[in-house]
Amino acid sequence: MNRQDRRANSDPRVKERNNRLKKRALREAAMTPKPPEAFTRGIVVALGPGICTAVSHGVEAHYRCDIVVAPGDEVLVENGKVTGITPRRTSLSRMDPSNPNRERIIVANIDLVVIVASLTDPPFRKGLVDRYLAATQRGGAKAVLCVTKNDLGGDLSVADAYRQLGMPVIVCSIETGQGIEELRGLLAGSLSVLVGHSGVGKSSLTNALLDADVAKTGAVDEANRKGRHTTTASKLYQLKNGGRIIDTPGIRAFGLKPMTKDEIEAAFPEFREFECRFRDCSHDHEPECGVKDAVAQGLVNEHRYQSYLRLSMGHGVNDGVEEEA
Ligand SMILES: Nc1nc2c(ncn2[C@@H]2O[C@H](COP(=O)(O)OP(=O)(O)O)[C@@H](O)[C@H]2O)c(=O)[nH]1
Ligand SMILES: [Mg+2]
Ligand SMILES: [Zn+2]
């Protein structure tokens with residue numbers, strides 16, 4: 001500071017003017033849009049090769065990403081690149097088809113797994129529903145069964161076994177609008193994922209729930225009565241009621257990594273009330289098995305018991321039905 005400046009600084013009028021200028025500069029700085037923050041957190045809504053799309057502070061943007069993330073993950077972004085994941089509250093995984101002991105994460109941090117299954121076209125696959133249910137249980141989320149295409153007819157009693165488990169069951173049709181409002185209500189305020197065989201109507205439900213035509217849907221292939229693969233990647237959508245849903249593509253086969261005895265027991269809670277002669281009864285070949293008796297008396301659903309046997313034998317892959325065209 002030279003002598004002249006010092007003199008000017010001590011002048012009260014100059015001081016006042018300087019103060020005014022400083023205040024104005026501060027006001028202007030506060031109003032100027034800031035450059036994107038170097039560090040931010042976002043929620044993954046979709047994935048692409050080497051990139052992920054995430055929403056951060058209400059803004060959707062693409063970020064470079066070379067770590068394994070899934071829709072629903074909360075990620076840390078540094079300078080346009082995903083560098084970390086917040087520990088997952090829940091997840092839904094399936095077996096890696098090329099390595100039965102490895103898991104592939106489908107979605108993260110979901111509150112609810114909506115298992116979508118049509119009554120007919122394609123037919124209701126109980127084994128698949130039971131595997132999704134076991135995977136949901138394992139991943140820590142809650143499950144809902146959504147029976148679709150009720151306008152096409154079919155036997156609604158397939159859902160009875162699930163109602164008996166205390167699982168919410170919603171019967172829907174996008175043709176008549178049945179069940180859509182009920183489903184929307186159930187999803188309010190939660191993060192949910194729609195899973196199920198391709199062609200059952202997951203993307204159609206997504207569109208109906210959003211009241212918009214955003215998810216691609218496809219006609220069921222007439223030749224083999226299997227849904228055509230139309231959704232190619234999972235995507236997270238925001239509902240008006242604060243709910244968020246993730247639409248997932250059809251998968252070739254929904255396999256489960258071999259389950260532990262505890263995980264299997266947790267997945268079949270309806271067996272618990274029946275007593276067996278042997279403490280460690282596998283409910284398979286042992287005499288005086290309460291579970292087998294319960295099945296014979298119709299107290300435990302036969303197909304649930306068959307699903308249990310397949311899973312406890314480590315056969316978590318499919319139920320002898322080719323799952324996907
Ligand atoms: N009749 C009838 N058809 C439906 C219903 N929901 C979906 N579909 C049809 O089923 C086909 C597959 O639907 P899509 O939503 O693509 O199934 P996704 O593969 O599970 O996503 C499409 O042709 C839909 O129009 C329904 O409630 N009733
Ligand atoms: Mg789809
Ligand atoms: Zn037993």
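Residues numbered from 1 in each chain as written. Chains lettered and ligands numbered in written order. Predicted model: local features only at pLDDT ≥ 70, side-chain atom pairs only at ≥ 80, totals over all residues.

Draft legend 1. Fine view of the pairing of strand S5 (residues 81-85). Pairing between strand S4 (residues 74-78) and S5: four bridges, direction antiparallel. What sits directly across from Val75, in S5, is Ile85. Here S4 hands over to S5 after two residues, with Asn79 in that stretch at a positive phi of 45°. (Pairing = 2+ DSSP bridges. Helix = DSSP H or I, 4+ residues; strand = E, 2+ residues; numbered from the N terminus.)

Draft legend 2. Representation of the environment of Asp247 in the model. Looking at the element boundaries, Asp247 is found in strand S15 (residues 244-247). On the neighbour-count criterion, Asp247 (27 C-beta atoms within 10 Å) is buried. A sequence separation of 54 residues divides Asp247 from Val193, and the C-alpha atoms of the two residues are 6.2 Å apart. (Buried ≥ 20, exposed ≤ 12 C-beta atoms within 10 Å, placed from the backbone.)

Draft legend 3. Quick look at the pairing of strand S8 (residues 112-118). Burial analysis of S8 places seven of its seven residues in the buried class, the great majority of the element. Taking every second residue as pointing to the same face, both faces of S8 are buried, with Leu112, Val114, Val116 and Ser118 on one and Val113, Ile115 and Ala117 on the other. Examined bridge by bridge, S8 and strand S9 (residues 142-148) share seven bridges and lie parallel to one another. Bridged to Val114 within S9 is Val144. Handedness of the crossover is the feature at issue here: the chain leaves S8, passes through helix H3 (residues 126-139), returns alongside S9, and the resulting connection is right-handed. Pairing between S8 and strand S11 (residues 191-195): four bridges, direction parallel. The residue bridging Leu112 from the neighbouring strand is Ser192, located in S11. (Right-handed = clockwise from strand over helix to strand, strands pointing away.)

Draft legend 4. Quick look at the sheet that holds strand S10 (residues 169-171). Here six strands make up an open sheet; going across it, the order is S10-S9-S8-S11-S15-S14 and the pairing mixed. Either end of the sheet is taken by a strand with one partner, and the two such strands are S10 and strand S14 (235-238). Shown here is a sheet whose adjacent strand axes are inclined to one another by a mean of 25°, direction ignored. Bridging between S14 and S15 involves four bridges; their strand directions are antiparallel. Within S15, the position partnered with Leu236 by the bridge is Ile246. Relative to the sheet, H3 contacts S8, S9 and S11, its axis offset from that of S8 by approximately 180°. (Axes fitted to C-alpha atoms, helices over the stretch in contact; angles between N-to-C directions. Contact = placed C-beta atoms within 7 Å.)

Draft legend 5. Broad picture of the confidence of the model for the protein chain. Model confidence for the protein chain is summarised by a mean pLDDT of 86, while 85% of its residues fall at 70 or above. In the predicted structure, residues 221-229 sits below a pLDDT of 50 and forms 26 contacts with residues beyond four places in sequence or in another chain. Confidence drops under a pLDDT of 50 for residues 319-325, and excluding neighbours within four residues, the segment shows 18 contacts in the predicted structure. (pLDDT = per-residue confidence, 0-100.)

Draft legend 6. Inspection of unusual backbone geometry at higher detail. Look at the link from Asp121 to Pro122: it is a cis peptide, with omega at -5°. Residue position: Pro122 is located in the loop between S8 and H3. The residue Asp211 is not glycine, and still its phi comes out positive at about 55°. Tracing the chain through its elements places Asp211 in the loop between helix H6 (202-210) and strand S12 (220-221). Of note, the phi angle at His283 is positive, near 55°, even though the residue is not glycine. With respect to the element layout, His283 can be found in the loop between helix H7 (261-267) and helix H8 (290-296). On the basis of neighbour count, His283 is assigned to the buried category, with 22 C-beta atoms found within 10 Å.

Draft legend 7. Highlighting the environment of Gln178. The residue Gln178 is located in the loop between S10 and helix H5 (180-187) in this model. Linking Gln178 and Lys149, residues 29 residues apart in sequence, is a C-alpha distance of 9.4 Å. Apart from the residues lying within four places of it in its own chain, the contact partners of Gln178 are Asn150, Val171, Cys172 and Ser173.

Draft legend 8. Spotlight on the packing of H3 against helix H9 (residues 302-312). Put simply, H3 and H9 touch, their axes get as near as 10 Å, and they point 60° apart. Remark: the crossing between H3 and H9 carries right-handed chirality. Packed against H3, whose contacting residues are Lys126, Gly127, Asp130 and Ala134, the element H9 presents His303, Arg304, Ser307 and Leu311 at the interface. Its residues assigned to classes, the contact of H3 with H9 comprises two nonpolar, three polar and three charged. (Left-handed = near helix turned anticlockwise from the far one by under 90°. Nonpolar A, V, L, I, M, F, W, Y, C, P; charged D, E, K, R; others polar.)

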